[in-house]
Amino acid sequence: MATTLYDGAARRSALDRADRLRHLSDTEKDLVRLAGEPGFPRWLEQTRATGGCARPVYLSGRITVTDRATGVVVRHYDTVGEPAGRLPVRCRNRRALVCPPCSREHSGDTFHLVRAGLVGGKGTPARVVEHPRLFVTLTAPSFGAVHRAGPDRCRPRRGGGECEHGRPVGCGLVHGEADAAIGRPLCPDCYDYASHVLWHAHAGELWNRTCRAVRRCLATAAGITQTDLARHLRVSFAKVAEYQRRGAVHFHAVIRLDGPDGPDTPPPSWANAALLADVIRTAAAAVRVHMPYTAAVGEYVFRWGEQIDMHPIRAFGDGSAVTDEAVAAYVAKYVGKSLGDSGGLDHRVHDADSIALAPVSAHLRALMGACWRLGGLPELAHLRLRGWAHTLGYRGHCLTKSRLYSTTYTALRAARASFRTGCREDGRPADTVTESAWWYVGSGHTPGAAEIAAGIAEDLAILREARRLSTGTPERPDG
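Please read these numbers as outputs of a predicted model, since none were measured by experiment. Residue indices begin from 1 for each chain and proceed along its sequence in written order. Thresholds applied to this predicted model are a pLDDT of at least 70 for local features of residues and 80 or more for the giving and counting of side-chain atom pairs; totals over whole chains, interfaces and linings are not thresholded and use all residues. To obtain the side-chain values, all non-hydrogen atoms of the structure were included, while hydrogens and water were left out.

### Overview of the overall build of the protein chain
- The way it works is that DSSP assigns letters per residue, a run of H or I at least four long becomes a helix, a run of E at least two long becomes a strand, and they are numbered from the N terminus. Check the secondary structure of the protein chain and you find 12 helices and 11 strands.
- Under the scheme applied here, a residue whose accessible area is under 20% of the maximum for its type counts as buried, over 50% as exposed, and between as partly exposed, the area being computed with a 1.4 Å probe on protein chains only. Out of the 479 residues belonging to the protein chain, those deemed buried represent 42%.
- Any pair of residues with heavy atoms lying within 4.5 Å of one another is described as a contacting pair. For the protein chain, long-range pairs separated by at least 24 residues make up 68% of all intrachain contacts whose partners lie at least 6 apart in sequence.
- For every accessible area listed, the method is Shrake-Rupley and the probe measures 1.4 Å; residues are considered covered only by the protein chains on display. Taken as a whole, the protein chain presents about 25300 Å² of accessible surface, with 53% of it coming from carbon and sulfur.

### So, the packing of helix H5 (residues 193-222) against helix H7 (residues 273-286)
- Simply put, an axis is a line fit to the C-alpha atoms, just over the touching stretch for a helix, and the angle between two N-to-C directions goes from 0 to 180 degrees. Their axes nearest at 9 Å, the elements H5 and H7 cross at an angle of 125°. By the angle class used here, H5 and H7 are oblique. In the packing of H5 onto H7, the handedness of the crossing is right-handed. Contacts from Thr-210, Ala-213, Val-214, Cys-217, Leu-218 and Ala-221 of H5 reach H7 at Leu-275, Val-279, Ile-280, Thr-282 and Ala-283. Just so you know how the angles are binned, under 35 degrees is roughly parallel, over 145 roughly antiparallel, 65 to 115 roughly perpendicular, and the rest oblique. With the far helix as reference, a near helix turned anticlockwise by less than a right angle produces a left-handed crossing, and one turned clockwise produces a right-handed crossing.

### What about the pattern of salt bridges?
- Throughout this description, the term salt bridge denotes a Lys or Arg side-chain nitrogen within 4 Å of a carboxyl oxygen of Asp or Glu. Per the stated rule, a full pass over the model turns up 15 salt bridges.
- In this structure, the salt-bridge partner of Arg-281 is Asp-278, at a minimum N-O distance of 3.9 Å. One end of the pair is Arg-281 and the other is Asp-278, both in helix H7 and three residues apart, which spans about a single turn.
- Overall, the relative accessible area of 44% leaves Asp-278 in the partly exposed class.

### Focus on the sheet that holds strand E6 (residues 249-258)
- Should DSSP find at least two bridges between two strands, the strands are taken to pair. With antiparallel pairing, the five strands of this open sheet are ordered in space as E9-E4-E6-E5-E10. The two strands at the open ends of the sheet, each matched to only one other strand, are strand E9 (308-312) and strand E10 (399-401). In this sheet, adjacent strand axes meet at a mean angle of 15° when their direction is disregarded.
- Bridge count between strand E5 (residues 234-243) and E10: three bridges; the pairing is antiparallel. Pairing of Val-240 across the sheet is with Leu-399, part of E10.
- Running at roughly 45° to E5, helix H8 (residues 324-335) makes contact with strand E4 (133-138), E5, E6 and E10 of the sheet.

### Quick notes on the layout of surface pockets
- Taken as a whole, the second largest pocket encloses approximately 800 Å³ of empty space.
- Forming the boundary of the second largest pocket are 32 residues, of which Thr-139, Gln-244, Arg-246, His-250 and Gln-307 lie nearest the centre.
- Elements represented by at least two residues in the lining of the second largest pocket include exactly E4, E6, E9 and H8. Computed over the protein atoms alone on a 1 Å grid, cavities are sets of points where a 1.4 Å probe fits but cannot get out and pockets are open sets with protein on both sides within 12 Å along at least five of seven lines; a residue lines them when it has an atom within 4 Å of a point. Grid points are joined across faces, edges and corners, and a volume is the space filled by probe spheres set on the points.

### As for the pairing of strand E2 (residues 73-78)
- Examined bridge by bridge, strand E1 (residues 57-67) and E2 share five bridges and lie antiparallel to one another. Counterpart to Ile-63 in the pairing with E2 is Tyr-77.
- Here E1 hands over to E2 after five residues, with Gly-71 in that stretch at a positive phi of 80°.

### Quick word on the pairing of strand E7 (residues 289-294)
- Judged from the four bridges that link them, E7 and strand E8 (residues 298-302) form a sheet pairing that is antiparallel. If you follow Met-291 over to E8, its bridge partner there is Tyr-300.
- The turn joining E7 and E8, which pair antiparallel and follow one another in sequence, is formed by three residues.

### Brief notes about the nonpolar core
- Residue types Ala, Val, Leu, Ile, Met, Phe, Trp, Tyr and Cys, when buried and joined through side-chain atoms within 4.5 Å, form a set referred to as a nonpolar core. Within the largest apolar cluster, 67 residues are counted, with the highest numbers of intra-cluster contacts made by Leu-198, Trp-207, Leu-218, Ile-255, Ile-280 and Trp-304.
- Leave out the neighbours within four places in its chain, and Leu-218 touches Leu-229, Leu-233, Val-235, Leu-257, Trp-270, Leu-275 and Val-279.
- Core analysis: the next-biggest nonpolar cluster, separate from the first, contains 21 residues, Leu-118, Val-240, Cys-398 and Leu-399 among them.

### Here's the deal with the environment of Arg-373
- Counting through the fold element by element, Arg-373 comes out in helix H10 (residues 362-375).
- Sequence separation of Arg-373 and Ala-194 is 179 residues, and the distance between their C-alpha atoms is 9.4 Å.

Given below as structure tokens:
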């Protein structure tokens, strides 16, 4: 009798549990499943180790570190004993909209990379702080009138008037920063979408020619040949690309003058910040990139916009707003952003229907459509406009630098791995031999795992902020 009562209670309990589970959401059901798995504590430890990465990459494999002299195995690791037989690693996506934890880490690396080129450190001598340094902003030209933010009226026109398409040529409103109209053309039919995307496709070459023009102007100012310039000084830079609200890219660059051997040597006395500003302004105004004539679109000549902003970079603590710390933080902030932060897409499009259905503004959709149409022309196939339609034709890297500006991302990541493991900078003890084999087995989270990872990332962010407030340190990308 007792056994029968026990079995009945067990069945009722199981039925009640199943009934409760039916009322849970998919995410809640997945959370219950995860918590009930025997490897959950280890999985939680792994997720914390990735900083709550939103899209971890899963690897399966092993690594064996052997002492070179004795042949003794110093360290061995295999994913066989891990949950699901795999190891999660960071996705390292720089975009904050895709993965905030990895974006923050990448922004921190960028901060140190740029800062090292301004004040030294990470293998760069501290004397670079005495070298001429400028923070330069180069913009795209106008492709048509767009709405702009206040505090003044947008585009006042005393006499009013309309364009050939029957739309007003002016706007007397004052737009706030959050106004969706900012960056959108007053008349989409007047806006030169083809020039916009083709300028993006040639922006990288425009920057390269500007760098060469700066060196040429420096040589002319010094009265020497371009070949001799390398015996006197070297131009180093780090630049980041940023999308404006109108969908056009502009560049922020740290430009520094070094001696002939790079940051280890000072530039000659005649190479100062004032001269550098003059030659940058001259080079930016003169440089042109010509696109050969085609029957479909004609001939184009690309140049920089008229708005060129330059500021000398001061040492931290001298009262200037444009300091080495501020510039490094400013550049690092924009590395984590993309067109998606301006309402665009962060993924490729594969057909015209995807553009038509994209959840973006009509202006950005028209720019992507222009990329798709122009990319179908055989004479423009080398620009790969269709492959980069989601970035409006711009296919350059977010951040680029000259070889001797400062350290590299690879060196910074190796130093971080060395700090965490206590090994040398390539991640293994000295005088050892490493044998490893790894395979990709998946990526991403299940719905429940994504909730837990997001909670871990949020907790770490709160701890960092509390630590910053308790120590009184200034806010910056590396925490």
